[in-house]
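These are the residues of each chain, in order.
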Amino acid sequence: MAERIVYHAHIPHNTGLAWEMARGQHLRLYGQSIGDFVCFNRHNLRERFDQGRTKTYCSKIWISTGAPLMSKFNNPMLRIVYDGFAGTGTHDLQKGMCSGARFQRAAQEGRLAEYYNRDLRPEDLPDHGCWENLSRALAPWGIPPEDIPSPFNVFQHLHIDCTTGAMHNTSVRPGPGTYIEFRAEMDLLCALSACPDLTVGGKPYDVVVLEPA
Ligand SMILES: [Zn+2]
């Protein structure tokens, strides 16, 4: 029996989307720029993805095929079963979400070039980012913005100096058709923001939920 697509959605650049999926289903995220991904236990929305628990469980700061995304309550929520970005770049478990306020602060402090590796004019800055996109997408489930965890940042390849801990954004991003695939380890509420990704310019995402063969 072939795999069956049960859900397919397109997320335009700098917007967000939330969807539910069942344990055992697979999730594919197609993108060519950063995507901020979060998830919650569908039966207890207080149980959320946790960057720190995930890094501690995996004993590493970069995760790929085989690794779980862990919850605050130390349960596996999803497991990566395929990583089309492996060998090209890595996903990020250090950073939070971009936002309108964060862009304005960077501009006021004259640090746009430091953060985004290029000269940006104030008029180039979007008035919102992943924080607002995820807040809007998750509002129908009653999740307040301050309860959205720091995300798993898909296709966000950082250069991290492992002696000083300095983090540098890079322009390393996947080519067309690249995806990362997960298996749900519990019933989930998921959300993704197609990041404005000011370093390279954000692109849309496609979300596909599959019933495996
Ligand atoms: Zn973002």
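Residues numbered from 1 in each chain as written. Predicted model: local features only at pLDDT ≥ 70, side-chain atom pairs only at ≥ 80, totals over all residues.

1. Quick notes on the nonpolar core
Core analysis: the largest hydrophobic core is formed by 45 residues, its most contacted members being Leu29, Cys39, Leu134 and Leu192. Leu134 has contacts with Gly16, Asp36, Val38, Met97, Ile148, Ala191 and Ser193, leaving out every residue within four places of it along the chain. (Core = buried A, V, L, I, M, F, W, Y, C linked by C-beta atoms within 7 Å. Buried ≥ 20, exposed ≤ 12 C-beta atoms within 10 Å, placed from the backbone. Contact = placed C-beta atoms within 7 Å.)

2. Considering the environment of Arg183
With respect to the secondary-structure elements, Arg183 resides in strand β11 (residues 179-184). The spatial distance from the C-alpha of Arg183 to the C-alpha of Asp83 is 12 Å, given a sequence separation of 100 residues. Among residues more than four places away in sequence, those in contact with Arg183 are His26, Leu78, Arg79 and Val81. (Helix = DSSP H or I, 4+ residues; strand = E, 2+ residues; numbered from the N terminus.)

3. As for the environment of Ala191
For Ala191, the location among the structural elements is in strand β12 (residues 188-194). When the 26 C-beta atoms within 10 Å are taken as the criterion, Ala191 is described as buried. In the structure, Ala191 is positioned 54 residues away from Ala137 in sequence and 7.0 Å away in space, judged by C-alpha atoms. Ignoring anything within four residues of it in the chain, the contact list for Ala191 reads Gly16, Leu17, Ala18, Val38, Leu134, Ala137 and Leu138.

4. Here's the deal with the pairing of strand β4 (residues 35-41)
Within β4, six of the seven residues are buried, leaving the element largely enclosed by the surrounding structure. Across three bridges, β4 lies against strand β8 (residues 152-154) in antiparallel orientation. Within the sheet, the bridge partner assigned to Gly35 lies in β8 and is Val154. As defined by bridge partners, β4 adjoins β12 across seven bridges and the pair is classed as antiparallel. (Pairing = 2+ DSSP bridges.)

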